[in-house]
Amino acid sequence: MAETMQALVYDRELDPWETSRGLRKAEVPRATLDERADYHDRSRVLVKPRFVGFCGSDRGIWFRRAFKDMILGSLDKESREQRGPKLRRVIGHELFGEIIAVGSEAKRSYGLDVGDWVTAESHIYCGVCYQCRVGDAHVCADDLIIGISYDGAFAEAVKLPAQVIWRTDVDKIRPEVAAVQEPFGNAVHACTKVNLRGKRVAIVGCGTIGLFAVAIARALGATQVIGVEPVASHAEMARRLGADVVLSPGDSPDGYSHDPDLAARIRQLTDGVGVDVVLEMSGLNSSVNNAIHCVRRGGDVILFGLKSGDAIIESFDRVIVDGIAMHSVIGRRIPETWHITRHLLESREPNIHDLVWEVILARGEGPIVDFGDFEPGSFETTIQTYPKVILRF
Ligand SMILES: [Zn+2]
Ligand SMILES: [Zn+2]
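Since the structure is predicted, the reported quantities are computational estimates derived from the model, not experimental observations. (Residues numbered from 1 in each chain as written. Chains lettered and ligands numbered in written order. Predicted model: local features only at pLDDT ≥ 70, side-chain atom pairs only at ≥ 80, totals over all residues.)

### What about the overall build of the protein chain?
Across its full length, the protein chain carries 14 helices and 18 strands. Taking 21 Å as the expected radius of gyration for a compact globule of 393 residues, we find that the protein chain reaches 21 Å, a close match to that expectation. Seen through its principal axes, the protein chain has C-alpha atoms that stretch 65 × 45 × 45 Å. Relative to all contacts within the protein chain whose residues are 6 or more apart in sequence, the contacts with residues 24 or more apart total 68%. (Helix = DSSP H or I, 4+ residues; strand = E, 2+ residues; numbered from the N terminus. Rg over C-alpha atoms; globule rule 2.2 N^0.38 Å. Contact = placed C-beta atoms within 7 Å.)

Printed below as a string of structure tokens:
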């Protein structure tokens, strides 16, 4: 077997964070499983990726907008551990592939085997911290994120702990859809934070996760789903996925204040009441304020969109006086969200599986790129054209 493999990496030496962008295809040491060299490998598996999704967080790395500290800090730590410089991080975490080697403990305790088709929870949790022990592993105090603080899946092989591996039935979920279970799970987590059954729901921001959320909210019994999305192509996709109506928010002149017309339109659509639940999926400060102004008294605002730095909450007293519950959602509940994800995608009633394939993945025409054809310039155009891009290995 070759000593090296091809991978998409961030290279701290060749691509200084402040003056570069994109990812680089490079030869890196081949991932291998060797229980004698490292006893941890007993409970690990080696996966050969087949399809790997390009995430919003990967976009953040591509344009150097996010995850600088996590990537550089984890490379520093690995350099200290291996007593030599570790310069490159293999990116990518939304994987679907085949197990090609299995550690003895991964086989015995987790029932994993060579030939299994699998994806992975991207948060490698420690299993022993306070949160892990009380069943909140998704907010583990000591976690590693695949493709950010742990070498990822844009590669010919990736080594992963058995505890994050999730088997997938390829007779029920097609491989390209199987590769997006991790981001789909983000939307499932957001849509299960409160009960949506019989509720009127607004989804502010119909990017990839917001689009998933439209279909999931419908499937979970929301009676009215209102999308809020300025980009016309995304608004159209939200309609196809089940939104009753999609509204375009007005520009926020100062970048944070809400749009009074939007709030008025949503009240019109809800008998003057406001929606029961708003999912904020964009991270824009003005969208957070839109969410607070579109929800009814006593309603719930679920915050998922992420942007670093401070935010301004307008008329904060309204949140309290109107008894609005604010929740934030990160990652997926492990393993609960994964089970719901599987049930929603395997079920054909409603047929979210085919909607994801046809609407979000455009039946594979365009957003699926062969790893062998990867070229930074054209790839950048592709990730700016489609809500979800997948690399095929
Ligand atoms: Zn992701
Ligand atoms: Zn933990």
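### A short note on the nonpolar core
Core analysis: the biggest nonpolar cluster contains 107 residues, and Ile203, Ala213, Val214 and Leu279 have the highest contact counts within it. Of the residues forming this core, the biggest block, nine residues, is contributed by helix α7 (residues 208-219). Taken domain by domain, this core gets at least three of its residues from each of domain 1 (4-180 + 361-392) and domain 2 (186-328). When residues no more than four places from it in sequence are discounted, the contact partners of Val214 are Ile203, Cys206, Val225, Gly227, Ala238, Leu241, Gly242 and Ala243. (Core = buried A, V, L, I, M, F, W, Y, C linked by C-beta atoms within 7 Å. Buried ≥ 20, exposed ≤ 12 C-beta atoms within 10 Å, placed from the backbone. Domains from an automatic or database assignment.)

### Re the sheet that holds strand β2 (residues 24-29)
Judged by pairing direction, the sheet is antiparallel, and its three strands sit side by side in the order β2-β1-β4 without closing on themselves. This sheet does not close on itself; its edge strands, each paired only once, are β2 and β4 (88-90). Along the sheet, successive strands turn relative to each other by an average axial angle of 60°, direction set aside. As judged from the three bridges shared by strand β1 (residues 4-11) and β4, these two strands associate in the antiparallel manner. Its bridge partner being in β4, Val9 is matched across the sheet by Val90. (Pairing = 2+ DSSP bridges. Axes fitted to C-alpha atoms, helices over the stretch in contact; angles between N-to-C directions.)

### Structural notes on the pairing of strand β15 (residues 295-303)
Within β15, seven of the nine residues are buried, which leaves it mostly tucked inside the rest of the structure. With five bridges connecting them, strand β14 (residues 275-280) and β15 associate as parallel partners. Bridge assignment links Glu280 to a residue of β15, and that residue is Leu303. Since β14 and β15 lie parallel, the crossover through helix α10 (residues 285-294) that links them has a hand, and here it is right-handed. In this structure, β15 lies alongside strand β16 (residues 325-328), joined through four bridges in parallel fashion. Looking at the pairing, Val301 lines up with Met326 of β16. For the crossover that starts at β15, traverses helix α11 (residues 316-321) and ends in the parallel β16, the hand is right-handed. (Right-handed = clockwise from strand over helix to strand, strands pointing away.)

### Focus on the domain arrangement of the protein chain
Considered domain by domain, the protein chain is made up of domain 1 (4-180 + 361-392) and domain 2 (186-328). Look at where the C-alpha atoms of domain 1 and domain 2 centre, and you get two points 31 Å apart. With four residues of domain 1 at the contact, the number on the domain 2 side is five residues. The residue inventory of the side of domain 1 that touches domain 2, partitioned by class, reads two nonpolar, one polar and one charged. (Nonpolar A, V, L, I, M, F, W, Y, C, P; charged D, E, K, R; others polar.)

### Notes on the sheet that holds strand β12 (residues 224-228)
Taken together, six strands build an open sheet; the order of strands is β13-β12-β11-β14-β15-β16 and the sheet is parallel. The open sheet has two edge strands, β13 (245-247) and β16, and neither has a second partner. Taken over all neighbouring pairs, the strand axes of this sheet differ in orientation by 20° on average, direction set aside. In this structure, strand β11 (residues 200-204) lies alongside β12, joined through five bridges in parallel fashion. From the neighbouring strand, Arg200 faces β12, where its bridge partner is Gln224. α7 contacts β11, β12 and β14 of the sheet and is inclined by roughly 170° relative to β11.

### Observations concerning the environment of Glu229
Position of Glu229 relative to the elements: it lies in the loop between β12 and α8 (232-241). Since 27 C-beta atoms lie within 10 Å of it, Glu229 is described here as buried. Distance in space between the C-alpha atoms of Glu229 and Ser282 is 9.3 Å, their sequence separation being 53 residues. Once residues within four sequence positions are removed from consideration, Glu229 is found in contact with Gly205, Cys206, His234, Ala235, Ala238, Val246 and Ser248.

### Observations regarding helix α2 (residues 68-82)
Helical geometry note: an α-helix holds 3.6 residues per turn, so side chains three or four residues apart project in the same direction. Between the first and last C-alpha of α2 there are 21 Å, a value that for 15 residues agrees with the 21 Å anticipated at 1.5 Å per step. Phi turns positive one or two residues past the end of α2, at Arg83, with a value near 50°. (Expected span 1.5 Å × (residues − 1).)

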